[in-house]
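# Remarks on the overall topology
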Amino acid sequence: MKYLAGSLYPVLLVLIAVVLWNNTAIRSTIKKNKKSILVFLFLNFVIINILLFFHLRQEQFIAYWDFGGFWRKSVEFNQMMNRSVKEAMDNLWFSLNYSEYSFLPEWFLYFPTQLLGNTYPRFILAMFNSFILPANLILYIFSLMIIEKNKLTVKKVFLGMLIATFAGNLYSMVFGYIGSAGLPFITSILLLVYADGLEKFSWRNNIFIGLSMIILLLVRRWFAYWIVGFYVAYTLAYLIREGIDHALTKEKIKVQFLNMLVCGLIPLTILLTLFFPLFRTITTYNYAEAYSVAKVGGATYIIGWFIQFYGWLLILLLIPGVVYGIKSKKHRLITILCIIQTLVAIILFNRVQSFGSHHYYIINGPVMILMMIGLEKIVDSLSAKTGMVLLVSSACLVCVNFSKTVLFGKNQKADQTLDKLNVLISAPFPDLRIRSDLDKIRNMADFLNKTPGEYEYVYVLSNSVLFNDDMLRNAFFPEKNEGVANLLVADAYDYRDGIPEDFFQYYYIVVADPIQLQFGEENQKCVSILAEFMLNSEESDPYYRIVREYDLDNDVHVNIYQRIEQVPNSVRKIISERYREFYPKNPELYEFSLLPE
């Protein structure tokens, strides 16, 4: 039963294949390029899996936060499926409606992770082969439809290399992010549009797009920005194209109205009937306030990150891609759609928070299509000899770029030298995560796990990549789900989490010195004020004593405090006043529970 229940994602991939195959233009392209497609698929599979293997086998770290959270959810979902399919489905349903992170992408990975295993490197390999490889295949078919007949072989190799080694998709995946689960659906929708799948009214295509939209939303909520951008961008792109061609008619407007109506009503109806709690959260929750801590910089910051994420060489491909794409009647619709959709998604998303590397999955599909159009045009303008020289040079550049972590990740001089290359072409893999203090962290977790009683809770006042509560929680994962049984989830963001109101009841307090903050003191006073109180011996000594000390990497010193006396209400009120100064209108951000008097 569990394998039948776990077969959803293979069924979805078959559905994508059937819908795309039923498009005449796509089917014709596949039939004409069978050998090229098989060669691309084989090389992409073999080369990237080998590179990933050599990168991942060098890493020595404890996964934490989102970098390990999706791996953890995958292991936990598999454990639920193996215990009881009903338990897994109940938790899946709850997560889809009420959790910020649903179990849906982890459900997609059930078969691959059962086959490969549950370690972190195998989780990354499962994501690549399940999500990015199918998306790359769809993009390669897309590129074959873009290519003009002259210089065919060089173009196929160039575009295949661009797609297979595109750092924008690989980088966040290796970090542990699962957003790549949306790529097969995004790329298939865009390919269908390019292949005139919406030029006429088609129930099959509209239902497919509508279902893909709701799947995207359920995979990660921030794909809503891609969804909104698509409807806006496609409508405008179609009107602009037909207006330029002086071919807009009432009949065409009627067809496109029906297309957008059906494509939109299907996900909206499913959302309102099956996932209304999710709909209510999306429409009423103040994400901008909750994630204000992650909003940094303005337009200059956004543009700078965009350039840094993709690298100058790929950014330069966008220029001919945009110019030639708009000029070309063949590419005009998809080019305008990709431009508008990217801009809409960036503008809407950055009103709430700034892009992290994993959020680029929202725009990677449209951006890659513009890059492919630009690359095709550049190669077309070169002589055969120049094209080959450029191809070989590009291949060498890509090899050197991958070698940064695969071969030289532990060599500091080589690593620093190759870092400069990332100005031109972004790194496909993040720097190797290697720590020398793993035994100390595990010893700390072991001590905390053995000592407390049932209600003697452990709380960590440290929130940075150098040390945080997740490192203790995942200290022995996946062999042991909880590194510390009584470890509480630490509050990290002021407006999202508030303060731990029962803080002064906790038995062990783990504090890092210097105080560790991911987003700075102004955004994480729920950590900093309490950490300052604990580290100030004059204030905390009457009530707490240090029972263990650890020196971790990067000069981080960790104290474990044990509560020896109840902290009186007078002291609790003093700490509350420190919070009240900053958040006078938010009682949840300064009120601690008090002792009965």
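So, a few notes on the structure that sits alongside this text. Note that the structure is predicted; figures quoted are calculated from it, not measured. (Residues numbered from 1 in each chain as written. Predicted model: local features only at pLDDT ≥ 70, side-chain atom pairs only at ≥ 80, totals over all residues. Heavy atoms only, no water.)

All right, on to the overall build of the chain then. Scanning the chain from N- to C-terminus turns up 29 helices and 4 strands. Its C-alpha atoms give the chain a radius of gyration of 26 Å, near enough to 25 Å, the size a compact globule of 597 residues would have. Overall, the chain is about 80 × 55 × 50 Å in size when its C-alpha atoms are taken along their principal axes. Across the 597 residues that make up the chain, the buried fraction comes to 56%. A fraction of 78% describes how many contacts in the chain between residues 6 or more apart in sequence connect residues 24 or more apart. With the model as given, the accessible surface of the chain reaches about 26,000 Å², and the carbon-plus-sulfur share is 62%. (Helix = DSSP H or I, 4+ residues; strand = E, 2+ residues; numbered from the N terminus. Rg over C-alpha atoms; globule rule 2.2 N^0.38 Å. Buried < 20%, exposed > 50% of the residue type's maximum accessible area, 1.4 Å probe, protein only. Contact = heavy atoms within 4.5 Å. Areas by Shrake-Rupley, 256 points an atom, 1.4 Å probe, with all protein chains shown as cover.)

Turning next to the pairing of strand β3 (residues 544–552). Two elements, β3 and strand β4 (residues 556–563), share 8 bridges in a ladder whose sense is antiparallel. Its bridge partner lying in β4, Y544 is registered against R563. Turn length for the β3-β4 hairpin, with the two strands adjacent in sequence and antiparallel, is 3 residues, and the turn residue N554 shows positive phi of about 60 degrees. (Pairing = 2+ DSSP bridges.)

Once that is clear, we can look at a nonpolar patch on the surface. A contiguous nonpolar surface patch, about 1,000 Å² in accessible area, is contributed by L15, F201, W203, I207, L211, F257, L258, L261, L265, L268, L272 and F276. With 6 residues, helix α15 (residues 250–274) is the largest single contributor of residues to the nonpolar patch. Position of L268 relative to the elements: it lies in helix α15. (Patch = residues over 30% accessible without salt bridge, like charges linked within 9 Å, V, L, I, M, F, W, Y side chains within 5 Å. Salt bridge = Lys/Arg side-chain N within 4 Å of Asp/Glu carboxyl O.)

A surface patch of negative charge is lined by E289, E501, D502, E588 and E591. As for its position among the elements, E289 is in helix α17 (residues 287–290). (Lys, Arg positive; Asp, Glu negative; His and termini not counted. Charge placed at Lys NZ, Arg CZ, Asp CG, Glu CD.)

Read from one edge of the open sheet, 4 strands run β1-β2-β4-β3, paired in mixed fashion. Each edge of the open sheet carries a strand with a single partner, namely β1 (458–461) and β3. Each strand of the sheet is rotated relative to its neighbour by a mean of 20 degrees, with strand direction disregarded. (Axes fitted to C-alpha atoms, helices over the stretch in contact; angles between N-to-C directions.)

Under the 1.5 Å per step criterion, the end-to-end length of helix α22 (residues 384–406) is 33 Å for 23 residues, consistent within 8% with the ideal 33 Å. The set of residues buried in α22 consists of G387, L391, S394, V398, N401, F402, S403, K404, T405 and V406. (Expected span 1.5 Å × (residues − 1).)

Moving on to helix α27 (residues 525–535). Each α-helix winds once per 3.6 residues, and so residues spaced three or four apart point in a common direction. For α27, the tally of buried residues reaches 9 of 11 residues, placing the bulk of the element in the interior. Along α27, the positions that sit buried rather than exposed are K525, C526, V527, S528, I529, L530, A531, F533 and M534.

Helix packing geometry: the angle between the two helix axes and the distance between the axes. Running from N to C, helix α9 (residues 120–146) and helix α12 (residues 183–194) cross one another at 15 degrees; their axes reach a closest spacing of 8 Å. With respect to α12, the axis of α9 lies roughly parallel. Our pair here, α9 against α12, has a crossing hand that is left-handed. Along its contact with α9, which presents F131, I132, P134, A135, I138, L139, I141, F142, M145 and I146, the element α12 presents L183, P184, T187, S188, L190, L191 and Y194. Its residues assigned to classes, the contact of α9 with α12 shows 15 nonpolar, 2 polar and no charged. (Parallel < 35°, antiparallel > 145°, perpendicular 65-115°, else oblique. Left-handed = near helix turned anticlockwise from the far one by under 90°. Nonpolar A, V, L, I, M, F, W, Y, C, P; charged D, E, K, R; others polar.)

A separate point is the pattern of salt bridges. Under the criterion given, the structure shown has 19 salt bridges. For K155, the salt bridge goes to D380, with nearest N and O atoms at 3.0 Å. Of this pair, K155 sits in helix α10 (residues 152–164) while D380 sits in helix α21 (residues 364–380), placing them 225 residues apart in sequence. With its nearest N and O atoms 2.8 Å apart, the salt bridge here joins R435 to D437. Residue R435 is classed as buried on the basis of its relative accessible area, which comes to 13%. Residue classification places D437 among the buried residues on the basis of a relative accessible area of 1%.

This part is about the packing of aromatic side chains. This model, assessed by the stated rule, comprises 49 aromatic pairs. On the numbers, 6.4 Å between centres and 50 degrees between planes, the contact of Y3 with Y110 is tilted. Taken as a pair, Y3 in helix α1 (residues 2–5) and Y110 in helix α8 (residues 110–116) lie far apart in primary sequence, 107 residues in all. One aromatic cluster is present, formed by Y64, W65, F67, F70, Y101, Y171, F175 and Y177 through successive ring pairs. The ring of F477 has R72 lying over it, and the distance from NZ or CZ to the ring centre is 4.8 Å. (Phe/Tyr/Trp six-rings, centres within 6.5 Å; stacked < 30°, edge-to-face > 60°. Lys NZ or Arg CZ within 6 Å of the ring centre and 35° of its normal.)

For the rest of this paragraph, the subject is the nonpolar core. Of all hydrophobic cores here, the largest spans 174 residues; its most connected members are W226 and F230. Ranked by residue count, the leading element in this core is α9, at 19 residues. Listed in part, the 25 residues of the second largest apolar core include F503, Y506, I509 and C526. (Core = buried A, V, L, I, M, F, W, Y, C linked by side-chain atoms within 4.5 Å.)

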